[in-house]
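# Understanding the architecture of this molecule
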Amino acid sequence: MLITQDLTYRYPDSSTTFRFPDLRVDRAGTLLLLGPSGAGKSTWLHLLAGVLSPSGGRTELDGVDYAALRGSKLDRFRGRNIGLVFQRPYFLEALTVLENLAIARRTAGLPPDRELLQSTLHLLGMDDYADRHPGRLSVGEQQRVTIARALVNRPQLILADEPTSALDNRNAARVSALLRERASELGAALVVVTHDERLRGDFRQVVDLAQQSIHN
Ligand code: ADP
Ligand code: ADP
């Protein structure tokens, strides 16, 4: 279960402090964080991902206050427990799809486990893509590899940043369903941040991040 409490963030050299609403997402729960550009969605996602360290408050996953972790402990915790789907996929282009997934396992201190990598590709309908190079795939295919990579460590929490904004209605609906189904199978909490109003009906909890989360 993901819990945040009294979460605030101020960028260095900025006079603006973001105050984020408390949230609670159960195992297999889904939360959509909607807000206009500049509302602080990416900032919130980076706090949840442990990429940014909060100025105040807690981020807790299954009882671990990971905002308080540092260095290699934090890296290891993130690698094993949090799957990230970024807006822009970045892969190691010299490596194949399967090798990119293997790197995600190694970074978390987990064995590559070829069978698990293959079965993760299978879940995404990408059985034949193991030996392809991600740079040569279409945008939709790259996005599915990104989702596969986010799942490969069997995380407790899946975070996605604008996963559908660039997609037409049909593919947006596909990606939304894909994320929800896979998260549900893993028993993972799913948090998506976006300005894409088409997703509103797909999620159990919807939080509207309004401009009033910003305080000077
Ligand atoms: P959103 O994802 O909702 O568009 P962001 O979290 O990216 O919003 O950014 C919210 C605001 O935070 C931005 O408008 C900007 O003013 C400020 N901001 C973002 N990144 C930085 C930074 N690195 N340094 C200072 N201010 C920043
Ligand atoms: P088309 O959109 O004409 O079907 P694509 O190359 O975009 O052609 O997609 C080929 C197949 O790959 C689709 O039929 C679909 O099954 C799958 N696909 C494409 N993009 C995505 C995506 N973003 N998420 C999930 N599946 C996708």
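Here is a short report on the structure shown in this document. Note that this is a predicted model, so its numbers are computed, not measured.

### What about the site of ligand 1?
Around ligand 1 lies a shell formed by Tyr11, Phe18, Pro36, Ser37, Gly38, Ala39, Gly40, Lys41, Ser42 and Thr43. Backbone polar atom of Ala39 to an oxygen atom of ligand 1: 3.2 Å apart, as the coordinates give it. Between ligand 1 and the protein, one listed contact pairs an oxygen atom with a backbone N or O atom of Gly40 at 3.0 Å. Isolated, ligand 1 exposes 560 Å² of accessible area, and the fraction of that covered by the protein chains is 55%. With three residues, the single largest contributor to the shell around ligand 1 is helix α1 (residues 41-49).

### Side note on the packing of aromatic side chains
Applying the stated criterion across every chain yields a total of five aromatic pairs. Arranged with centres 5.9 Å apart and planes meeting at 5°, the rings of Phe18 and Phe20 form a pair that is stacked. Per residue, the accessibility class of Phe18 equals that of Phe20, and both read buried. The ring centre of Tyr90 lies 5.9 Å from the NZ or CZ of Arg149, which sits over that ring.

### Here's the deal with the pattern of salt bridges
Note that side chains of opposite charge can pair when their charged atoms are close. The tally for this structure, following the rule as stated, stands at nine salt bridges. With a closest N to O distance of 3.5 Å, Asp26 and Arg24 form a salt bridge. Measuring nitrogen to oxygen at the nearest pair gives 3.0 Å for the salt bridge that ties Arg200 to Asp208. Given the relative accessible area of 47%, Asp208 is considered partly exposed.

Thresholds, definitions, all that
Residues numbered from 1 in each chain as written. Chains lettered and ligands numbered in written order. Predicted model: local features only at pLDDT ≥ 70, side-chain atom pairs only at ≥ 80, totals over all residues. Heavy atoms only, no water. Near = heavy atom within 4 Å. Polar contact = N/O pair within 3.5 Å; in protein donor to acceptor, adjacent residues only side chain to side chain. Areas by Shrake-Rupley, 256 points an atom, 1.4 Å probe, with all protein chains shown as cover. Helix = DSSP H or I, 4+ residues; strand = E, 2+ residues; numbered from the N terminus. Phe/Tyr/Trp six-rings, centres within 6.5 Å; stacked < 30°, edge-to-face > 60°. Buried < 20%, exposed > 50% of the residue type's maximum accessible area, 1.4 Å probe, protein only. Lys NZ or Arg CZ within 6 Å of the ring centre and 35° of its normal. Salt bridge = Lys/Arg side-chain N within 4 Å of Asp/Glu carboxyl O.

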